[in-house]
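Structural features, examined
For reference, the chains in residue letters:
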Amino acid sequence: MGRTSRLAGVVETVVGILRPGESTLERTVTSGVWLSLLTVTDRVVRLGLYLVLARLLAPAEFGLLGLGMVALTVLRRVSRLGLDEALIQREDDDVDAYLDTTWTLTVGRGLALAAVAYVAAPLVAEFFAEPRLTGVVRALGVVPLLDGLRNPGVVYFRKRLAFHRQFVYVVSGTVAYACTALAAAVVLGNVWALVVGAVAGPAVRTLVSHRIHGYRPGLGFDADAARELLGFGKWIFGSGVVLLALNQGDDALVGWLLGSSAVGLYGMAFRLSNAPATEVSHVVSEVTFPAFSQVRDDAAELRAGFFRTVRVVAALALPMAVGIAAVAPVFVRAVLGPEWTPMIAAMRVLAVWGAFRALVAAVGPLFKAVGHPEYSTLLQVSRLVVVAVLIYPATTAWGITGTAAVLVASAVLQNPIAFAVALRAVDARPRRLLRALSAPCLAAALMGTVVLLANAALSPLPGLARLCCLVGIGVATYASAIGAATQVWDTGLADDVAVLRRSLV
C-alpha cells in the first residue's frame, strides 16, 4: 500500500509539473519543462540517427545533403516573412482574424519556393560541381511547400505557452524523419536516404498540425492584416537574411573550396559540437520570447527574468561545450570511426563557438519582446562583416578548422556588444552580468582540466569505456565545483532553483 501511494504521489507530481498553470511564471516554467522534453527528444532521436547513419553512409553523402540544404535555406531565408513572430508579439490573445491571411501567404510562398528550387537546381549543381545535386535540390524544394500547408493555428502553441501540444506537433515529424531515413539508408545506402527522410518529416508534421488544432484555415486575404504582420516581420526578414549568410555561408564556402566530403565532415562536427548550444538556445528562444513579451511593461520582472535565463543557460551550456571539446578525439574514434577523424580539430573549435552562442541566447528574444528586433539584425550584420573578411583566407589556409576559428573570432567581438545593448534594455550594470557568469565559467574550466588529465591517465582503456569514464568524471567534477561555488558566494543559482521548485510544486 505504501509503495502504491508513493508511486501515486510521484505520478501526481509529474502531472502537476507538466500541466500548464495560471500565472505567467508557472506557465513559463511548465513550458520550459515541455520544451526541454521536446528538444531532448527531438535532438536525441536526430543525433542517434546521425550516429547510426555515419556508419552506413560516407561523409560525401552527408555533404551532398548539406549542400542541398544550403540552397534550400537560401530560398527560405530570403523569403522569410516573420508571420509567427508578429502574431506572438501582438498583445491580443486571439489572433484568429489574421490566420487565413497568414495561411494564404505561407502557401503562396511554399509554391513559389518549390518552383524556384526546381528551376535553379541545375545551376546549384554546376556551382558546386556536383551533378547529383540537381535531383537533391528539386526533391528538397517540396519541403517549404509542405511547411506552408501546415495549420496556422499552431502558432497558439507558442503564443499561449502550450508547449505540451507543440511537443506532439514537432516530435511527430522527427520520428517520421528518423524512421524513414534509417529504412531508406539500409535499402539505398546513399544521399537519397537522407533526402527521403527530410521530406517525410515535414509531410507528417503538417498532417498532425491539422489533426491536433481545431482551426480550419481557408485562402482568405486581408490586405490590412497582411500589411500589419509584414511590417513587424520586415526586421525578422532582415535578421533572417543576415543569419543566412552567417549560418550557411560557411557551408557554401567549404563546399566550393574543399568539396562535398569536407562539407560532410564540417556539418557533422558542427552538429555534434553545437548540439547543447543549439538545444539550449532553441529552448530559451521559444520560451523567453513569449514570456518576455508578457512582462515587457514590468521593468523589474523583465530584468529578473533576463538574468535568471542567463544564469541557467550558462550553468547548462558551458559545461556541455567544454566537455565536448575535451572528449572529442575519444568520441569520434570510438563512435563514428576512422573516416571521421579529420573533423576532430574543427569539432573542438566549434564547441567553443557553441558556448558563445548559448551565452547570448536570451538576447535576441529580449530585443524582439521589447519591440526592437532591429537590434539583433544590426548585431548580426557586425558579425557578418568579421566573417566575410576572414573566412576565405582562414579556410584556404587551415581547411574546416580555419572556418570554425572564424566563427569563434566573430563571437568574441560581437558578444560583448550584444550584452551591452541587452543590459541597457533591462537597465542593469555589467557587474550583475559578470556575477551571473562567474560560477559556471570557473566550474566548467575546472571540469575541462580534470577531464583532459583523466583522459591521459585512462589511455590504456578501450575507446567506449574511456569515453564513459570521462563523461562520468566530468559530470561529477562540474556538479561538485558549482555546488562549492554556490556555498562560497552568492551566485544566484540557489535562488533560481528555489523559484523553479516553488513553481513546480
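The structure presented is a predicted model; accordingly, all values stated were derived computationally and were not measured.

Comments concerning the overall build of the protein
The number of helices and strands found in the protein is 20 helices and zero strands. Of all 505 residues assigned to the protein, the portion counted as buried reaches 53%. Partitioning the contacts of the protein with sequence separation of at least 6, the portion at a separation of at least 24 is 82%.

What to know about the layout of surface pockets
The probe, sized like a water molecule, is rolled over the atoms to show the empty space still left. What the second largest pocket holds in volume is close to 270 Å³. Along the walls of the second largest pocket sit 16 residues, with Leu-318, Val-352, Ala-355, Phe-356 and Leu-359 positioned nearest its centre. Of all the secondary structure elements, the ones that give two or more residues to the lining of the second largest pocket are helix H14 (299–336), helix H15 (344–359), helix H17 (374–425) and helix H18 (430–457). It is H15 that provides the largest number of residues to the lining of the second largest pocket, a total of five residues.

Remarks on the nonpolar core
Within the largest apolar cluster, 110 residues are counted, with the highest numbers of intra-cluster contacts made by Leu-133, Met-268, Phe-306, Leu-336, Trp-340, Met-343 and Met-347. Of all the elements, H14 adds the most residues to this core, at 19 residues. With residues up to four places along the chain from it excluded, the contact list for Leu-336 reads Leu-51, Ala-54, Arg-55, Met-268, Leu-272, Phe-331 and Met-343. The next biggest cluster of nonpolar side chains, apart from the first, holds eleven residues, and it includes Leu-83, Val-155, Tyr-215 and Ala-225.

Quick look at the confidence of the model for the protein
For the protein, mean pLDDT is 80; residues scoring 70 or higher make up 77% of the total. Across the protein, helix H6 (residues 133–140) holds the top mean pLDDT of 94, while helix H1 (residues 2–18) sits lowest at 40. The model gives residues 1–25 a pLDDT under 50, and that stretch makes 18 contacts with residues more than four places away or in other chains.

Focus on the packing of H15 against H17
Each pair of packed helices can be described by the angle between their axes along with the distance between the axes. Direction vectors running N to C along H15 and H17 enclose 15°, while the axes themselves pass 11 Å from each other. The angle between H15 and H17 places the two elements in the roughly parallel class. At the point where H15 passes H17, the crossing takes the left-handed sense. Residues Ala-345, Ala-346, Val-349, Leu-350, Val-352, Trp-353, Phe-356 and Leu-359 of H15 form the contact with H17, whose participating residues are Arg-383, Ile-400, Thr-401, Ala-404, Ala-405, Leu-407, Val-408, Ser-410, Ala-411, Val-412, Asn-415 and Phe-419. Its residues placed into classes, the contact of H15 with H17 shows 16 nonpolar, three polar and one charged.

A word on a nonpolar patch on the surface
The grouping of Val-52, Leu-56, Leu-182, Val-186, Val-187, Leu-188, Trp-192 and Val-196 at the surface amounts to a nonpolar patch, some 690 Å² of accessible area in total. By residue number, the principal contributor to the nonpolar patch is helix H9 (residues 163–188), which donates four residues. When you line up the elements, Val-187 lands in helix H9. Assessed through its relative accessible area of 69%, Val-187 is described here as exposed.

Some words on the packing of helix H12 (residues 260–273) against H14
The geometry of H12 relative to H14 is characterised by a closest axis approach of 12 Å and an angle of 125° between their N-to-C directions. Our classification of the angle between H12 and H14 gives oblique. Judged by the twist between their axes, the crossing of H12 over H14 is right-handed. Contact residues: H12 offers Met-268, Leu-272 and Ser-273, while H14 offers Ile-324, Phe-331 and Leu-336. Here the residues of the contact of H12 with H14 sort into five nonpolar, one polar and no charged.

Notes on the environment of Ala-125
Along the chain, Ala-125 falls in helix H5 (residues 96–127). Residue classification places Ala-125 among the buried positions, given a relative accessible area of 6%. In sequence terms Ala-125 and Gly-68 are 57 residues apart; their C-alpha atoms lie 8.9 Å from each other. If near-sequence neighbours (up to four positions away) are discounted, Ala-125 is found in contact with Glu-130, Pro-131, Leu-133 and Thr-134.

Quick look at unusual backbone geometry
At Ala-129, a residue that is not glycine, the phi angle is positive and equals roughly 55°. Backbone geometry places Asp-427, a non-glycine residue, at a positive phi of 55°. On the secondary structure map, Asp-427 appears in the loop between H17 and H18.

Some remarks on the pattern of salt bridges
By the definition in use, this model includes two salt bridges. The shortest N-O distance in the salt bridge between Asp-147 and Arg-205 comes to 3.5 Å. With Asp-147 in helix H7 (residues 142–148) and Arg-205 in helix H10 (residues 191–212), this pair connects stretches of sequence that are 58 residues apart. Look at Arg-205 and you get buried, because its relative accessible area is 16%.

Concerning the packing of aromatic side chains
Enumeration over the complete set of coordinates arrives at five aromatic pairs. With a centroid separation of 6.3 Å and an interplanar angle of 15°, the aromatic rings of Phe-127 and Trp-256 are classed as stacked. Here Phe-127 is found in helix H5, whereas its partner Trp-256 is found in helix H11 (residues 223–258), with 129 residues between them in sequence. Taking the relative accessible area as the measure of exposure, Phe-127 reaches 49% and is therefore partly exposed. Relative to Phe-307, the ring of Phe-306 has its centre 5.4 Å away and its plane inclined at 75°; by these criteria the two rings are edge-to-face. The exposure class of Phe-306 is buried, given its relative accessible area of 0%. Between Arg-138 and the ring centre of Tyr-118, over which it is positioned, the NZ or CZ distance is 4.0 Å.

Description of H17
Along its 52 residues, H17 runs just 13 Å from first to last C-alpha, ending more than 12% under the 76 Å computed at 1.5 Å per residue. Maximum bend of H17: about 145°, positioned at Trp-398. One or two steps after H17, the chain reaches Asp-427, where phi turns positive at roughly 55°.

Brief notes about the environment of Gly-448
Examined against the element boundaries, Gly-448 turns out to sit in helix H18. A residue is classified by how much of its surface remains accessible, and Gly-448, at 8% relative accessible area, is buried. Note: C-alpha distance between Gly-448 and Pro-319 (129 residues apart in sequence) is 8.0 Å.

How each quantity is defined
Residues numbered from 1 in each chain as written. Predicted model: local features only at pLDDT ≥ 70, side-chain atom pairs only at ≥ 80, totals over all residues. Heavy atoms only, no water. Helix = DSSP H or I, 4+ residues; strand = E, 2+ residues; numbered from the N terminus. Buried < 20%, exposed > 50% of the residue type's maximum accessible area, 1.4 Å probe, protein only. Contact = heavy atoms within 4.5 Å. 1 Å grid on protein atoms, 1.4 Å probe; cavity = no way out; pocket = protein on both sides within 12 Å on 5 of 7 lines; lining within 4 Å. Points joined across faces, edges and corners; volume = space filled by probe spheres on them. Core = buried A, V, L, I, M, F, W, Y, C linked by side-chain atoms within 4.5 Å. pLDDT = per-residue confidence, 0-100. Axes fitted to C-alpha atoms, helices over the stretch in contact; angles between N-to-C directions. Parallel < 35°, antiparallel > 145°, perpendicular 65-115°, else oblique. Left-handed = near helix turned anticlockwise from the far one by under 90°. Nonpolar A, V, L, I, M, F, W, Y, C, P; charged D, E, K, R; others polar. Patch = residues over 30% accessible without salt bridge, like charges linked within 9 Å, V, L, I, M, F, W, Y side chains within 5 Å. Areas by Shrake-Rupley, 256 points an atom, 1.4 Å probe, with all protein chains shown as cover. Salt bridge = Lys/Arg side-chain N within 4 Å of Asp/Glu carboxyl O. Phe/Tyr/Trp six-rings, centres within 6.5 Å; stacked < 30°, edge-to-face > 60°. Lys NZ or Arg CZ within 6 Å of the ring centre and 35° of its normal. Expected span 1.5 Å × (residues − 1). Bend = angle between axes of the 7 residues up to and from the residue.

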